[in-house]
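Spelled out from the first residue to the last, the chains are:
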Amino acid sequence: MAEQKKDFYITTSIPYVNAAPHIGFALELLEADVVARYHRTRGERVFFLTGTDEHGKKIQEAAEKEGATPQQYADTFSAQFHELGAALGITNDDFIRTSDEQRHIPVVQKVLQQLKSNGDIYKDKYEGRYCTGCEAFLREAEIADDGTCVIHERQPERIYEENYFFRFSKYAREVERMIREDVIRVVPAHRKKEMLNLFSEEGVRDVSISRPSATIPWGIAMPHDDSQTVYVWVDALLNYLSGAGFGTDVFAKRWPADIHIIGKDIARFHTMLWPAMLLALALPPPRAIFIHGHINVEGRKMSKSLGNVVGSDMLLQQFGKDAVRYLLCAEIPSDDDGDFSFARFHERYAADLQNGIGNLVSRVVTVGEKYPDVFGNITLDGAFSEALRTARTTYEEHIGNFQLHHALSAVTRLVKEANKLVDSTKLWELPSSDPAAAVRVMHDLAGVLFVVAELCAPFMPDTAEKIRGALGVGASETAGRYVVFTKPAQPLFPRLAP
RNA sequence: AGCGGGGUGGAGCAGUCUGGUAGCUCGACGGUCUCAUAAGCCGUAGGUCGCGGGUUCAAAUCCCGCCCCCGCAACCA
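Residues numbered from 1 in each chain as written. Chains lettered and ligands numbered in written order. Predicted model: local features only at pLDDT ≥ 70, side-chain atom pairs only at ≥ 80, totals over all residues. Heavy atoms only, no water.

### Observations regarding the layout of surface pockets
A probe matching the size of a water molecule, rolled over the atoms, marks out where space remains unfilled.
Logical step 1: Approximately 270 Å³ is the volume found for the second largest pocket.
Logical step 2: What lines the second largest pocket is simply Tyr-38, Thr-41, Arg-42, Tyr-395, Glu-396, Phe-450, Glu-454, Leu-455, Ala-457, Pro-458, Arg-468 and Ala-475.
Logical step 3: Elements with a contribution of two residues or more to the lining of the second largest pocket: helix H1 (23–41), helix H13 (386–400) and helix H16 (435–456).
Logical step 4: Per element, the largest residue contribution to the lining of the second largest pocket is 3 residues, and it comes from H16.
Logical step 5: The residue inventory of the lining of the second largest pocket, partitioned by class, reads 7 nonpolar, 1 polar and 4 charged. (1 Å grid on protein atoms, 1.4 Å probe; cavity = no way out; pocket = protein on both sides within 12 Å on 5 of 7 lines; lining within 4 Å. Points joined across faces, edges and corners; volume = space filled by probe spheres on them. Helix = DSSP H or I, 4+ residues; strand = E, 2+ residues; numbered from the N terminus. Nonpolar A, V, L, I, M, F, W, Y, C, P; charged D, E, K, R; others polar.)

In structure tokens:
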């Protein structure tokens, strides 16, 4: 009997389907994909989940405006996110939609029923001040001294609603402890600090988790009470359970999630409400929550109102899939906000990919191919230099800390060193002047290229294959393997039109 | 107001915890090879490390005060 080791379970957030995908979510998908691929190369079985969040008032209104049903509307956009994944080469194992009537909706109802039976959900009056300009309940900070809405300067309506509440207060302290003690690892550290502060600030009041169905019909009904619709956040968070097969036999080998990858905007739901819900369900909390930043565009926030949202299609067309994967991961710090600019992307494409990795492969392989008599016995058997071992260790440390941009700079450093080696030894002269030295140098260079391929693989899978192809080796085989230099038909990273 | 992050050569960053030649990438300028995608390599210029004070033999780094930028609203990853 083979021991049933748990899958490495990784998720992205599920984007709301009210707009076409932009590079921000593309990056989140990429970060998750890189981590997923990295774990697979280490021999782990990975379950990588993404999907779409489809309920709520905004979808309903948008659909009405277009004369479609909410489901049709959601279908259209959900498909776009699905296609985005395909275009980026994302290797998710599953795709969950919150409108899924077989897989998701029953799970939500089952979970809420359980919370209700346990007494963690109760019904109460909710009193709020609702601004018809905002179309939302106002928070304290949004109410001016005279009681008007600070944005619309009008008196909000007082609304009394019956809502279901979740006893967040009962679990908050325990969640806080788990975060503080890294039972739930919140990364990066500055986000952890930020989140811990929230527990003391807003405190630990119970959370309203339903709205009247009359107001929000497009959603999931509360169990045994279809006058109430489940709050979209509760609905959305539960995708991590429904997508992992909650209630079926596969669930046990997936839960808990090893890592949720999310944006800073939704950090509080994931660090506060979500673990509390899990505790209430007697399920272990996620092991890690990685919070990435947002992408600014040419120095400004990317937003619909500013009209500067960058889509990923255009990028893919300009640079190609692997390059986009590299550029986004290298240029935007994975643990903080970053800035996107076309000029920067072109610079980096030229420097790191075209003149860096691509050109190195080209020049080394050309020489190798030209002198088959001299380089016929080059092998990859393990005699990797100190530099290679250091590069790999550094890379692994950075991936472990979700600093993907730093992991990639370990690769570019390696490429630089290899270029220096080619020049300082005058590799191209060696086969005739000093064949023994030529073999030694080429052996090192082949080793570098092989490791470059290995380290690039999670980020640029096709490129990694091309590099291995140029060496005539496969991904897994190294020991005693003879290198057969074969210059690629096309440059790895062609020069771009200016 | 409070909380968090940041202010280092033209641009983007590392270094700050564990004081002691200020480093990397891109860009600019000059040189050089010719295996390579007119790529590579070498070199040069360019920094009062936000400001003021303090501790110290010595501070980008530690302490105090101050200034400026960003986030903690919304659309939204």
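### Looking at the nonpolar core
Logical step 1: Residues Ile-10, Leu-88, Ile-357, Tyr-395, Met-442, Val-452 and Phe-459 are the most contacted members of the largest nonpolar core, which totals 103 residues.
Logical step 2: It is H16 that provides the largest number of residues to this core, a total of 14 residues.
Logical step 3: Excluding anything up to four places from it in sequence, Ile-357 contacts Asp-352, Val-411, Val-415, Val-452, Cys-456, Met-460, Ile-467 and Phe-493.
Logical step 4: Of all hydrophobic cores here, the second largest spans 53 residues; its members include Tyr-9, Leu-49, Phe-199 and Ala-257. (Core = buried A, V, L, I, M, F, W, Y, C linked by side-chain atoms within 4.5 Å. Buried < 20%, exposed > 50% of the residue type's maximum accessible area, 1.4 Å probe, protein only. Contact = heavy atoms within 4.5 Å.)

### Considerations on unusual backbone geometry
Logical step 1: The omega angle of the peptide bond from Val-187 to Pro-188 is 0°, so this bond is cis rather than trans.
Logical step 2: For Pro-188, the location among the structural elements is in the loop between strand E7 (185–187) and helix H6 (189–201).
Logical step 3: The linkage connecting Trp-255 with the following residue, Pro-256, adopts the cis geometry, with an omega of 0°.
Logical step 4: Structurally, Pro-256 can be placed in the loop between helix H8 (239–242) and strand E12 (259–263).
Logical step 5: A positive phi angle is found at Ala-282, which is not glycine, with a value near 60°.
Logical step 6: A relative accessible area of 68% places Ala-282 in the exposed class.
Logical step 7: The residue Lys-426 is not glycine, and still its phi comes out positive at about 50°.
Logical step 8: Checked against the element boundaries, Lys-426 lands in the loop between helix H14 (404–425) and helix H15 (430–433).

### Digging into the protein's contact with RNA strand B
Logical step 1: Around RNA strand B, the surrounding shell holds 49 residues, and the nearest of these are Asn-18, Ile-295, Asn-359, Arg-363 and Asp-423.
Logical step 2: Across the atoms of RNA strand B situated within 4 Å of the protein, the share located in sugar and phosphate is 68%.
Logical step 3: In this structure, a sugar or linking oxygen belonging to RNA strand B sits 3.1 Å away from a side-chain N or O atom of Ser-362.
Logical step 4: For RNA strand B, a phosphate oxygen lies 3.2 Å from a polar atom in the side chain of Lys-487.
Logical step 5: Those elements that provide at least two residues to the surface near RNA strand B are H1, H6, E12, helix H12 (342–370) and H14.
Logical step 6: If one sorts the elements of the surface near RNA strand B by residue count, H12 sits on top with 10 residues. (Near = heavy atom within 4 Å. Polar contact = N/O pair within 3.5 Å; in protein donor to acceptor, adjacent residues only side chain to side chain.)

### Re the environment of Asp-322
Logical step 1: For Asp-322, the position within the fold is in helix H11 (residues 321–331).
Logical step 2: C-alpha separation for the pair Asp-322 and Leu-492, spaced 170 residues apart in sequence, amounts to 10.0 Å.
Logical step 3: Excluding residues within four positions of it along the chain, Asp-322 makes contact with Met-460, Pro-461, Asp-462 and Thr-463.
Logical step 4: A polar contact is formed between the side chain of Asp-322 and the backbone nitrogen of Thr-463, at a distance of 2.7 Å.

### Some thoughts on the side chain of Gln-60
Logical step 1: Looking at the element boundaries, Gln-60 is found in helix H2 (residues 57–65).
Logical step 2: Side-chain polar atoms of Gln-60 contact the backbone nitrogen of Trp-218, separated by 3.3 Å.
Logical step 3: Ignoring sequence-local partners within four residues, the contact set of Gln-60 consists of Pro-70, Ile-216, Pro-217 and Trp-218.

### Let's talk about the environment of Asp-225
Logical step 1: Among the secondary structure elements, Asp-225 is positioned in strand E11 (residues 225–230).
Logical step 2: If we ignore the near neighbours within four places in the chain, the residues touching Asp-225 are Lys-123 and Tyr-164.
Logical step 3: Polar contacts involving the side chain of Asp-225 include one to the side chain of Lys-123, which spans 3.1 Å.
Logical step 4: Within polar-contact distance, the side chain of Asp-225 engages the side chain of Tyr-164 at 2.6 Å.

### Side note on the pattern of salt bridges
Logical step 1: Tallied over the full model, the rule gives 29 salt bridges.
Logical step 2: Of the charged contacts in the structure, one is a salt bridge between Glu-181 and Arg-177, with a shortest N-O distance of 2.6 Å.
Logical step 3: Using a relative accessible area of 32% as the deciding quantity, one classes Arg-177 as partly exposed.
Logical step 4: Linked through salt bridges whose partners overlap, the residues forming this network are Glu-331, Arg-344, Glu-347, Arg-348 and Asp-352. (Salt bridge = Lys/Arg side-chain N within 4 Å of Asp/Glu carboxyl O.)

### Let's talk about the pairing of E11
Logical step 1: The sheet contact formed by strand E9 (residues 210–212) and E11 spans 3 bridges and is antiparallel. Bridge pairing links Pro-212 to Gln-228 in E11.
Logical step 2: Where strand E10 (residues 221–222) meets E11, 2 bridges bridge the pair, whose relative direction is antiparallel. Note that in E11 the partner of Ala-221 across the bridge is Thr-229. (Pairing = 2+ DSSP bridges.)

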